[in-house]
Amino acid sequence: MLTIIGENIHIISPKVKAAFEAQDDKFIQGMALKQVKHGAHVLDLNIGPQRKRGVEVMGWIVDAVQAVTDTPLSLDTTNPAAIEAGLKKVKRQAMINSTSADPERLESIMPLAANYNAKVIALTMGKTGIPTTADARVGMAMEVLIPKAMELGIPMSNLYLDPLVLTVNGTQEHAPETLNAVRFFKQLTDPPPMTVVGLSNISNSVPNEGRSLINRTFLVMLMAAGLDAAIADPLDEQQNKFIRIVEGRDTSTGLGNLLVTLYDKTAAMEQLEPSEVDMKDPEQVDVWKTVQILYNKVIYAHSYLRM
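Residues numbered from 1 in each chain as written. Predicted model: local features only at pLDDT ≥ 70, side-chain atom pairs only at ≥ 80, totals over all residues. Heavy atoms only, no water.

Engineer: What is the right way to read the overall build of the chain from this model?
Structural biologist: Looking only at helices and strands, the chain has 12 helices and eight strands in total. Against the 2.2 N^0.38 benchmark of 19 Å for 307 residues, the chain shows a C-alpha radius of gyration of 19 Å, consistent with a compact globule. Based on the C-alpha atoms only, the size of the chain along its principal axes is roughly 55 × 45 × 35 Å. By residue count, 54% of the 307 residues in the chain fall in the buried class. Long-range pairs, those at least 24 residues apart, make up 66% of the contacts in the chain with a sequence separation of at least 6. Of the side-chain charges in the chain, 29 are positive and 35 negative, and the distance between the mean point of each set is 5 Å. (Helix = DSSP H or I, 4+ residues; strand = E, 2+ residues; numbered from the N terminus. Rg over C-alpha atoms; globule rule 2.2 N^0.38 Å. Buried < 20%, exposed > 50% of the residue type's maximum accessible area, 1.4 Å probe, protein only. Contact = heavy atoms within 4.5 Å. Lys, Arg positive; Asp, Glu negative; His and termini not counted. Charge placed at Lys NZ, Arg CZ, Asp CG, Glu CD.)

Engineer: What exactly am I supposed to notice about the pattern of salt bridges here?
Structural biologist: Summed over all chains, the structure comprises nine salt bridges. With a closest N to O distance of 3.3 Å, Glu151 and Lys148 form a salt bridge. Highlighted residues: Glu151 and Lys148, both in helix α6 (residues 134-151), separated by three residues, approximately one helical turn. Here Arg249 ties to Asp264 by a salt bridge, and the two come within 2.7 Å at their closest N and O atoms. (Salt bridge = Lys/Arg side-chain N within 4 Å of Asp/Glu carboxyl O.)

Engineer: Before we go on, may I ask you to explain helix α10 (residues 237-248) in this structure?
Structural biologist: For an α-helix, the turn length of 3.6 residues means that residues three or four places apart are oriented alike. Between its terminal C-alpha atoms α10 stretches 16 Å, which fits the 16 Å expected from 12 residues at 1.5 Å a residue. The elements touched by buried residues of α10 are β1 (3-10), α9 (208-225), β8 (229-232), α11 (254-267) and α12 (282-294). Of the residues flanking the start of α10, the one acting as N-cap is Asp236, its side-chain oxygen 3.2 Å from the backbone nitrogen of Gln238. Looking one or two places after α10, you find Arg249, whose phi comes out positive at around 45 degrees. (Expected span 1.5 Å × (residues − 1). Polar contact = N/O pair within 3.5 Å; in protein donor to acceptor, adjacent residues only side chain to side chain.)

Engineer: Could you clarify how one ought to interpret the sheet that holds β8 in this entry?
Structural biologist: For sheets, the rule is that strands pair by backbone hydrogen bonds, running either parallel or antiparallel. Read around the barrel, eight strands follow the order β1-β2-β3-β4-β5-β6-β7-β8 and close on themselves; strand pairing throughout is parallel. When the angles between neighbouring strand axes are averaged without regard to direction, this sheet yields 30 degrees. Bridge count for β1 against strand β2 (residues 42-46) is four bridges, and the pairing is parallel. When the sheet's bridge partners are listed, Gly6 is paired in β2 with Leu43. (Pairing = 2+ DSSP bridges. Axes fitted to C-alpha atoms, helices over the stretch in contact; angles between N-to-C directions.)

Engineer: Would you take a moment to explain the nonpolar core for this structure?
Structural biologist: A general trend in soluble globular proteins is that nonpolar side chains are found buried together. One finds Ile9, Ile28, Ile61, Ile96 and Leu159 to be the most contacted residues of the largest nonpolar core, which totals 48 residues. Ignoring any residue separated from it by four or fewer positions in sequence, one finds Leu159 in contact with Met110, Val120, Ala122, Leu145, Ile146, Ala149, Pro193 and Met194. Core analysis: the next-biggest nonpolar cluster, separate from the first, contains 42 residues, Val168, Met221, Leu222 and Leu272 among them. (Core = buried A, V, L, I, M, F, W, Y, C linked by side-chain atoms within 4.5 Å.)

Engineer: Looking at this model, I keep getting lost on the packing of aromatic side chains. Mind explaining?
Structural biologist: Any aromatic ring pair is given by two values, namely how distant the centres are and how the planes are angled relative to each other. Counting across every chain of the model gives two aromatic pairs. Residues Phe20 and Trp60 carry aromatic rings whose centres are separated by 6.0 Å and whose planes lie at 85 degrees to one another, so their mutual orientation is edge-to-face. One end of the pair, Phe20, is in helix α1 (residues 14-22); the other, Trp60, is in helix α3 (residues 54-66), with 40 residues separating them in the sequence. Taking relative accessible area as the criterion, Phe20 reaches 2% and is therefore assigned buried. Centre to centre, the rings of Tyr300 and Tyr304 are 5.6 Å apart; their planes meet at 55 degrees, and the pair counts as tilted. The class for Tyr300 is buried, based on a relative accessible area of 9%. The ring centre of Phe242 lies 4.9 Å from the NZ or CZ of Arg216, which sits over that ring. (Phe/Tyr/Trp six-rings, centres within 6.5 Å; stacked < 30°, edge-to-face > 60°. Lys NZ or Arg CZ within 6 Å of the ring centre and 35° of its normal.)

Engineer: Just to check I follow, could you spell out unusual backbone geometry for this structure?
Structural biologist: As a rule of thumb, non-glycine residues mostly have phi less than zero, and peptide bonds are mostly trans rather than cis. A cis amide bond, omega 20 degrees, links Asn97 with the succeeding residue Ser98. In this structure, Ser98 sits in strand β4 (residues 95-100). Cis rather than trans, the peptide bond between Asp190 and Pro191 has omega equal to 0 degrees. Structurally, Pro191 is set in the loop between α8 (174-185) and β7 (194-198). Positive phi is not limited to glycine here, since Ser205 has a value of about 65 degrees. One non-glycine residue, Arg249, lies in the positive phi region at around 45 degrees. Structurally, Arg249 is set in the loop between α10 and α11.

Engineer: Sorry if this is basic, but what is going on with the pairing of β1 here?
Structural biologist: Strand residues, when the strand is regular, have side chains that alternate between the two faces of the sheet. For β1, a buried count of six out of eight residues is recorded, marking the element as mostly surrounded by other parts of the structure. Both β1 and β8 contribute to a ladder of four bridges, which runs parallel. What sits directly across from Ile5, in β8, is Ile231.

See below:
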């Protein structure tokens, strides 16, 4: 089953930022409970860098959320001291979001995962940025991230490799590479490492009304490639519907049949064919057009569904 890490408690939101500054327990607790009600398995607490107040803010928010739910927490900041402050307070196994192949970040974050038996998201990027190919991301995982986890005694079940999703708007050529990276990550060790993505990044800078379709279609393909977890919006009911269809292999509708076919073809490293789509069904046509963008066969434009 896919693990959904609820992304909505994020300092980039003006309302969340204001709640952080005021230490508004009720607002944060309401957001946490709403995400859990809609199926979040883990709650990401993104407090930003918080260089000055990180320890205080992380301690406060962990206490506030744990007062109303026992859902596991993902501690999301680049401040190692703040992460450790959260790890000292969590009641259940936490997730650290995140480390990377950058030596400084690797050495400051990965030992915390080992010392506190936490899960850790490891980004396949170094000081020079995100590699452009699946092979280069896999190489970084194989040569840097996995060896460091093994050195520290972190089991592969606690290591979540993130190939880093980039938006289809201007960088859509990365979508197939991301898909292949997830597929290859699952073949690196026995038992294999876990895999995770920040799903909504695929639709960054896309008009709001078009984001969910791109997110949820890519999610079906990622699940087929071996994705274990997604940092995503659990309040997106259409996305939840796609997950239910694929996990339950519900082919009772035309859309369901198409999504299960897309899943199976992706798992087999094959591509969806036009003959497998009912072109008279607008919902299926929208999925088909979105898949062509994600295959990098058609150039993304905001108006792609109308073309």
